Amino acid sequence: MGAGKSAAIKVLSDISVISTEAVNTDTEAHSKYLTTVGIDYGEISLDDGTKIGLYGTPGQDRFDFVWPVVCQGAIGIVILIDHSRNDRLQNLEFYLNAFKAYGHNIVIGVTHLDKKDDQVLKIYRDWMALYGYQYPLFGIDARQQDDVLLMIETLIASVEVQSRLIV
Ligand SMILES: Nc1nc2c(ncn2[C@@H]2O[C@H](COP(=O)(O)OP(=O)(O)OP(=O)(O)O)[C@@H](O)[C@H]2O)c(=O)[nH]1
Ligand SMILES: [Mg+2]
């Protein structure tokens with residue numbers, strides 16, 4: 001919650017985003033004023049004209065029934081983790097476990113980093129190594145278009161590599 005999913009879709013989308021934000025009543029989980037309660041929707045057109053739909057989920061797990069709906073037919077999944085939270089690794093574990101059931105083309109973005117520093121990401125790399133995960137990991141600011149685009153490009157590149165392997 002508050003990792004920057006809605007911000008990431010807003011900064012990347014070519015169309016005005018359909019957002020489902022409502023006043024946050026769970027102020028214990030996060031002090032933010034608005035939170036996503038349905039599905040955010042945006043679109044990005046690639047250079048070759050391909051349109052990619054960007055679907056944002058609610059972060060709160062009481063809306064977890066939305067997750068499988070959003071992931072159905074998805075080419076990839078971006079998981080954003082808010083580095084400023086004390087429970088960031090528990091968050092990573094929780095969301096990875098929840099979303100790997102829906103697809104394996106996953107990219108992880110760590111947000112709310114004051115500065116991009118590889119040492120800061122070390123705890124996430126170490127945690128993934130411990131569990132044998134090899135997902136691409138980026139330190140990002142979800143408000144920066146280039147940062148978000150990098151994750152989407154990674155997912156697309158991975159789909160391309162896999163489809164070449166299958167053919
Ligand atoms: N400082 C900082 N702020 C960020 C970063 N990424 C996002 N934000 C801000 O964090 C706040 C929360 O972002 P949202 O996009 O609403 O988060 P969300 O993941 O959609 O949250 P929920 O819908 O409640 O799950 C917004 O004010 C963003 O602009 C970042 O990397 N650094
Ligand atoms: Mg949101």
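Up top is the structure these notes are about.
Residues numbered from 1 in each chain as written. Chains lettered and ligands numbered in written order. Predicted model: local features only at pLDDT ≥ 70, side-chain atom pairs only at ≥ 80, totals over all residues. Heavy atoms only, no water.

Trainee: What am I meant to see in the site of ligand 1 here?
Mentor: The environment of ligand 1 is formed by 18 residues, the closest being Lys-5, Ala-7, Lys-32, Thr-35 and Thr-36. Here Gly-59 contributes a backbone N or O atom positioned 3.1 Å from an oxygen atom of ligand 1. A distance of 2.9 Å separates an oxygen atom of ligand 1 from a polar atom in the backbone of His-112. Out of a free accessible area of 660 Å², ligand 1 has 78% covered by protein chains. Mapped by element, the contributors of at least two residues to the shell around ligand 1 are helix H1 (5–12) and strand E2 (34–36). It is H1 that contributes the most residues to the shell around ligand 1, 3 residues altogether. Across the shell around ligand 1, the residue classes tally to 5 nonpolar, 8 polar and 5 charged. (Near = heavy atom within 4 Å. Polar contact = N/O pair within 3.5 Å; in protein donor to acceptor, adjacent residues only side chain to side chain. Areas by Shrake-Rupley, 256 points an atom, 1.4 Å probe, with all protein chains shown as cover. Helix = DSSP H or I, 4+ residues; strand = E, 2+ residues; numbered from the N terminus. Nonpolar A, V, L, I, M, F, W, Y, C, P; charged D, E, K, R; others polar.)

Trainee: What am I meant to see in the coordination of the magnesium ion (ligand 2) here?
Mentor: Each donor-metal-donor angle would ideally measure 109.5 degrees in four-coordinate tetrahedral geometry, or 90 or 180 degrees in six-coordinate octahedral geometry. All of the protein donors around the magnesium ion (ligand 2) are Ser-6 (OG) and Thr-36 (OG1); their distances to the metal are 2.0 to 2.1 Å. One end of the pair, Ser-6, is in helix H1; the other, Thr-36, is in strand E2, and 30 residues separate them in sequence. Take Ser-6 and Thr-36: they sit in the same class, and that class is buried. (Donors = N, O, S within 2.8 Å, 3.2 Å for Na, K, Ca; no water. Buried < 20%, exposed > 50% of the residue type's maximum accessible area, 1.4 Å probe, protein only.)

Trainee: What's the story with the layout of surface pockets in this structure? I'm lost.
Mentor: Space left empty within the atom packing is revealed by a probe, the size of a water molecule, rolled over the atoms. Taken as a whole, the largest pocket holds about 720 Å³ of empty space. Of all the secondary-structure elements, those providing two or more residues to the lining of the largest pocket are H1, strand E4 (51–56), helix H2 (66–71), strand E5 (77–82), helix H3 (88–99) and helix H5 (145–166). Top element by residues in the lining of the largest pocket is E5. It accounts for 6 residues. Tallied by class, residues from the lining of the largest pocket come to 25 nonpolar, 7 polar and 3 charged. (1 Å grid on protein atoms, 1.4 Å probe; cavity = no way out; pocket = protein on both sides within 12 Å on 5 of 7 lines; lining within 4 Å. Points joined across faces, edges and corners; volume = space filled by probe spheres on them.)

Trainee: Where do I start with the packing of aromatic side chains in this structure?
Mentor: The geometry of two aromatic rings is summed up by the distance between their centres and the angle between their planes. Evaluation of the coordinates by the stated rule reveals 10 aromatic pairs. Relative to Tyr-95, the ring of Phe-94 has its centre 5.0 Å away and its plane inclined at 85°; by these criteria the two rings are edge-to-face. The class for Phe-94 is partly exposed, based on a relative accessible area of 36%. In this structure Tyr-95 comes out as buried when scored by relative accessible area, which is 14%. Each ring, one from Trp-127 and one from Tyr-133, has its centre 5.9 Å from the other, and the planes form 25°; the classification is stacked. Of the two residues, Trp-127 and Tyr-133, both sit in the buried class. Every member of this aromatic cluster is reached through a ring pair, and the members are Trp-67, Phe-94, Tyr-95, Phe-99 and Tyr-102. (Phe/Tyr/Trp six-rings, centres within 6.5 Å; stacked < 30°, edge-to-face > 60°.)

What is shown is where atoms sit, not what they do.
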